[in-house]
Amino acid sequence: MVDHVLLTGGAGYIGSHTFVALRAAGFEPVVLDDFSNARDDVPERLALITGAPVTIYRGDVRDRVLLARIFGEHSIRAAVHFAALKAVGESVARPLDYIDVNVTGLVALMQAMAAAGCFRLVFSSTATVYGEPETWPIPEDAPRRYTSPYAFTKLTCEQIIEQAAVADPRWACATLRYFNPVGAHSSALIGEDPQDIPNNLVPYIAEVAMGKRAALNVFGNDYDTPDGTGLRDYIHVEDLARGHVVALDHLMGGGAGLTVNLGTGRGTSVMEMLVAYGRAVGRDLPHVVAPRRPGDVPVLVADPGRAERLLGFRAERTVDEMCASSWAFVSRRGNG
Ligand SMILES: NC(=O)c1ccc[n+]([C@@H]2O[C@H](COP(=O)([O-])OP(=O)(O)OC[C@H]3O[C@@H](n4cnc5c(N)ncnc54)[C@H](O)[C@@H]3O)[C@@H](O)[C@H]2O)c1
């Protein structure tokens, strides 16, 4: 029998790629998404890529009536919880909205799961729970601290999951701390599609490449790094999606709950990423140097060892593959 898996936020950037990976691995994903940050045509594109219709509920993860209905209509064996608000800057202006969607959403989901006897959960966490670390690569047992309301919500969610698992040993939860997901699916049908000013580096560079923005602002080129610009750990979204499949396989096989970083362990600088994207596009892309931003750290790189030890997971795709797939998606999307 095919295992049904609830994917909250499954029409979003990482959720849609995970949908494809789960289907390829023999799971049947059921999507719950309110489309507050997803395009209406994503389900159609997922059906095109995977060759089968998509079961999708349009609604809010905080809607307990809807959650009960979904669990009543499908025999769901596990959930992967992506649905959240994710813009760090916006969270500073709207902390209560972030707490409501991210924290209340998780609690509503876990209560609906428990009521349905479903105790396997994969949760989207983030490297921002490490705050501003002073050493790297960052292992999972590094101190957690938050420096924004967004990070507060993710750290709180991690702690809620920990508390639930202490109280009821039936819970088996995989908390996945993503580093910097970039790139797009090899079909170029789905990818990162910000509807506003991009918050992340690669979508911003993509807009420079498309001519929508004049130049990339490089915030600080005097850090203590080889070229003076910040180093981050970029992971191809298809690798990240596979990370969810291996985490789910682990839980479905009776594995215990765990917390792992999903990154490559390699740092790529802002300038290296700009040059790599230029290679994908076939021309140099302009940049201007701007002052450092408060709160930015010079280096944020994962120790990916635990994911490899516990799950056999290792991210494989290169920075050039990340840029080429992003550009293929963005240029296709730009042309309709
Ligand atoms: N993209 C990153 O850089 C990154 C890094 C670390 C962690 N994460 C986490 O990964 C998860 C997915 O991120 P993403 O980049 O795919 O973001 P995304 O915005 O593309 O996806 C989130 C999806 O959830 C949906 N959604 C939002 N609020 C909802 C609600 N109340 N009810 C139902 N659906 C709702 C949105 O419409 C969207 O489709 C999030 O939890 C995010 O915090 C993302």
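Scroll up a little and you will see the structure.
Computed from a predicted structure; not experimentally measured.

1. Describing the nonpolar core
When a protein is soluble and globular, its nonpolar side chains tend to lie buried together. Core analysis: the biggest nonpolar cluster contains 41 residues, and L7, L176, L248 and L262 have the highest contact counts within it. The set of elements that each furnish at least two residues to this core consists of strand 1 (4-8), helix 1 (13-24), helix 2 (42-50), strand 4 (76-81), strand 6 (172-178), helix 8 (237-252), strand 11 (258-262) and helix 10 (305-311). In contact with L7, not counting residues within four places along its chain, are G15, F19, L22, P29, V30, V31, L32, V80 and F82. Membership of the second largest hydrophobic core comes to 28 residues, among which are L32, L67, I70 and C173.

2. Points about the pattern of salt bridges
For the coordinates displayed, the defined rule picks out 25 salt bridges. Here R314 and E308 are joined by a salt bridge, their closest N and O atoms 3.2 Å apart. The exposure class of R314 is exposed, given its relative accessible area of 52%. Look at E308 and you get partly exposed, because its relative accessible area is 35%. In this structure, a network of salt bridges that share partners links the residues R39, D41, R45, D193 and R333.

3. What to know about the side chain of D193
Inspection of the secondary structure assignment puts D193 in the loop between strand 7 (180-182) and helix 7 (201-209). Residue classification places D193 among the buried residues on the basis of a relative accessible area of 18%. For D193, the contacting residues outside a window of four places in its chain are R39, F329 and R333.

4. As for the packing of aromatic side chains
What the rule picks out here adds up to four aromatic pairs. Ring geometry for F119 against W171: centres 5.0 Å apart, planes inclined by 80°, an arrangement best described as edge-to-face. One end of the pair, F119, is in the loop between helix 5 (95-115) and strand 5 (120-126); the other, W171, is in the loop between helix 6 (149-167) and strand 6, and 52 residues separate them in sequence. Residue classification places W171 among the buried positions, given a relative accessible area of 10%. Consider the rings of Y146 and F152, whose centres lie 5.1 Å apart with planes at 75°: the pair is edge-to-face. Judged by its relative accessible area of 47%, Y146 is partly exposed. Accessibility expressed as a relative area gives 29% for F152, which makes it partly exposed. One residue, R292, lies across the ring of Y223, its end atom 4.0 Å from the ring centre.

5. Digging into the site of the ligand
As a matter of local geometry, the ligand sits amid 27 residues, with D33, N37, F82, Y150 and K154 nearest to it. The contact in question runs from an oxygen atom of the ligand to an N or O atom on the backbone of Y13, over 2.8 Å. At a separation of 3.1 Å, a nitrogen atom of the ligand approaches a polar side-chain atom of D60. Computed on the free molecule, the ligand has an accessible area of 820 Å², of which 96% lies beneath the protein chains in the complex. Of all the secondary-structure elements, those providing two or more residues to the shell around the ligand are helix 1, strand 5 and helix 6. Here the element with the most residues in the shell around the ligand is strand 5; it accounts for three residues.

Conventions and cut-offs
- Residues numbered from 1 in each chain as written.
- Predicted model: local features only at pLDDT ≥ 70, side-chain atom pairs only at ≥ 80, totals over all residues.
- Heavy atoms only, no water.
- Core = buried A, V, L, I, M, F, W, Y, C linked by side-chain atoms within 4.5 Å.
- Buried < 20%, exposed > 50% of the residue type's maximum accessible area, 1.4 Å probe, protein only.
- Helix = DSSP H or I, 4+ residues; strand = E, 2+ residues; numbered from the N terminus.
- Contact = heavy atoms within 4.5 Å.
- Salt bridge = Lys/Arg side-chain N within 4 Å of Asp/Glu carboxyl O.
- Phe/Tyr/Trp six-rings, centres within 6.5 Å; stacked < 30°, edge-to-face > 60°.
- Lys NZ or Arg CZ within 6 Å of the ring centre and 35° of its normal.
- Near = heavy atom within 4 Å.
- Polar contact = N/O pair within 3.5 Å; in protein donor to acceptor, adjacent residues only side chain to side chain.
- Areas by Shrake-Rupley, 256 points an atom, 1.4 Å probe, with all protein chains shown as cover.

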